[in-house]
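A look at the structure
Next come the chains, spelled out residue by residue.
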Amino acid sequence: MSRKTPDPPPRKRRTREHVVADMSRVHVEAVVVDAGFTAEPVRSDYGYDLVVTTYDPDGYVEPGRVLLQLKAGDTIGIGATPGGLAFDLDVKDHALWTREPFPVFLVLFDAVARVACWLYVQHYFEADPARRPKPGAKTVRVRVPVENRVDAALMAHARERKARVLSQAAGVIRHVD
């Protein structure tokens, strides 16, 4: 008489969602590194996934940061929507990102096409106040232009936007009373 081996207890499982999230991070990090910058993953995700540090042409670290939030999936549908990719942003993210002094970029990653597109969040909402969430809304729809590919041009743009923020703050921030 043979004894049946009991089924092993369930184990943690790596899902497609985990794989796609890693794919998006690796995709974006490669672009950041190719630009000569560094990207640090945020351990506790409360609105940001990567913090980018920029460097001057001689390799010296520059002040300030660029903040990235990555959203990824197999069904992002890059190129499928005329006028840009529609994405429903949580109003809590909107509240945080629009108050952030450093540039925040929302990145949508299509895992099937292996393409990522970006939206400069503060600029998007400042450019048209009608885009702001309605009172009581839980989400606000944004449109991410499909031509805004995550590439070297984005990194140059992000660095320039960060420098503009710092120049606006020059002489305003004081660390003594």
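First, a word on scope: everything that follows refers to the structure included in this document. (Residues numbered from 1 in each chain as written. Predicted model: local features only at pLDDT ≥ 70, side-chain atom pairs only at ≥ 80, totals over all residues. Heavy atoms only, no water.)

Attention now goes to the packing of aromatic side chains. Going through the model one piece at a time under the given rule, you end up with 3 aromatic pairs. Aromatic rings pair up to connect Phe-105, Trp-118 and Tyr-120 into one cluster. Here the guanidinium or amino end of Arg-131 rests over the ring plane of Tyr-124, the centre of that ring lying 4.1 Å away. (Phe/Tyr/Trp six-rings, centres within 6.5 Å; stacked < 30°, edge-to-face > 60°. Lys NZ or Arg CZ within 6 Å of the ring centre and 35° of its normal.)

Our next topic: helix α4 (residues 152–169). Compared with an ideal rise of 1.5 Å per residue, which puts 18 residues at 26 Å, α4 spans 26 Å between its outermost C-alpha atoms and is within 8% of the ideal. Of all the residues in α4, the buried ones are Leu-154, Met-155, Ala-158, Arg-161, Lys-162 and Val-165. Projected onto a plane normal to the axis of α4, the buried residues spread over an arc of 130° and lie on a single side. For α4, exposure combined with an orientation more than 90 degrees from the buried face picks out Ala-152, Ala-153 and Ser-167. For α4, the elements touching its buried residues are α1 (16–34), β3 (66–73), β5 (104–110) and β6 (115–120). With a side-chain oxygen positioned 3.1 Å from the backbone nitrogen of Ala-153, the residue opening α4 is Asp-151. (Helix = DSSP H or I, 4+ residues; strand = E, 2+ residues; numbered from the N terminus. Expected span 1.5 Å × (residues − 1). Buried < 20%, exposed > 50% of the residue type's maximum accessible area, 1.4 Å probe, protein only. Arc of directions from axis to C-beta. Contact = heavy atoms within 4.5 Å. Polar contact = N/O pair within 3.5 Å; in protein donor to acceptor, adjacent residues only side chain to side chain.)

Within the secondary structure, Gln-122 is located in helix α3 (residues 121–127). At 3.0 Å, the side chain of Gln-122 forms a polar contact with the backbone oxygen of Glu-100. If we ignore the near neighbours within four places in the chain, the residues touching Gln-122 are Trp-97, Thr-98, Glu-100, Phe-102, Pro-103 and Val-104.

Helix length check: α1 (19 residues) gives 27 Å between terminal C-alpha atoms against 27 Å at 1.5 Å per residue, within 8%. Each element contacted by the buried residues of α1 is listed here: β1 (38–41), β2 (50–53), β3, β5 and α4. Where α1 terminates, the next one or two residues include Gly-36, which has phi positive at roughly 90°.

Within the chain, Arg-114 stands out as a residue other than glycine whose phi angle is a positive 55°. Its relative accessible area of 56% is what places Arg-114 among the exposed residues.

Quick look at the pairing of strand β7 (residues 139–144) now. Burial of the side chains of β7 is restricted to one face: Val-140, Val-142 and Val-144 are buried, whereas none of Thr-139, Arg-141 and Arg-143 on the reverse face is. Two strands pair when backbone bridges link them, and strand β4 (residues 85–90) and β7 are joined in this way by 6 bridges, in the antiparallel orientation. Residue pairing across strands places Ala-86 opposite Arg-143, the latter belonging to β7. (Pairing = 2+ DSSP bridges.)

Bringing the pattern of salt bridges into the picture now. The tally for this structure, following the rule as stated, stands at 9 salt bridges. The residue Glu-29 makes a salt bridge to Arg-25 at a minimum N-O spacing of 3.0 Å. A residue pair is termed a helical-turn pair when its members lie 3 or 4 positions apart in one helix, as Glu-29 and Arg-25 do in helix α1 at 4 residues. Relative accessible area serves as the criterion here: at 27%, Arg-25 is assigned to the partly exposed category. Taken together, the salt bridges that share partners define one network made up of Arg-14, Asp-22, Arg-25 and Glu-29. (Salt bridge = Lys/Arg side-chain N within 4 Å of Asp/Glu carboxyl O.)

Functional significance is not addressed by these values, which are geometric in nature.
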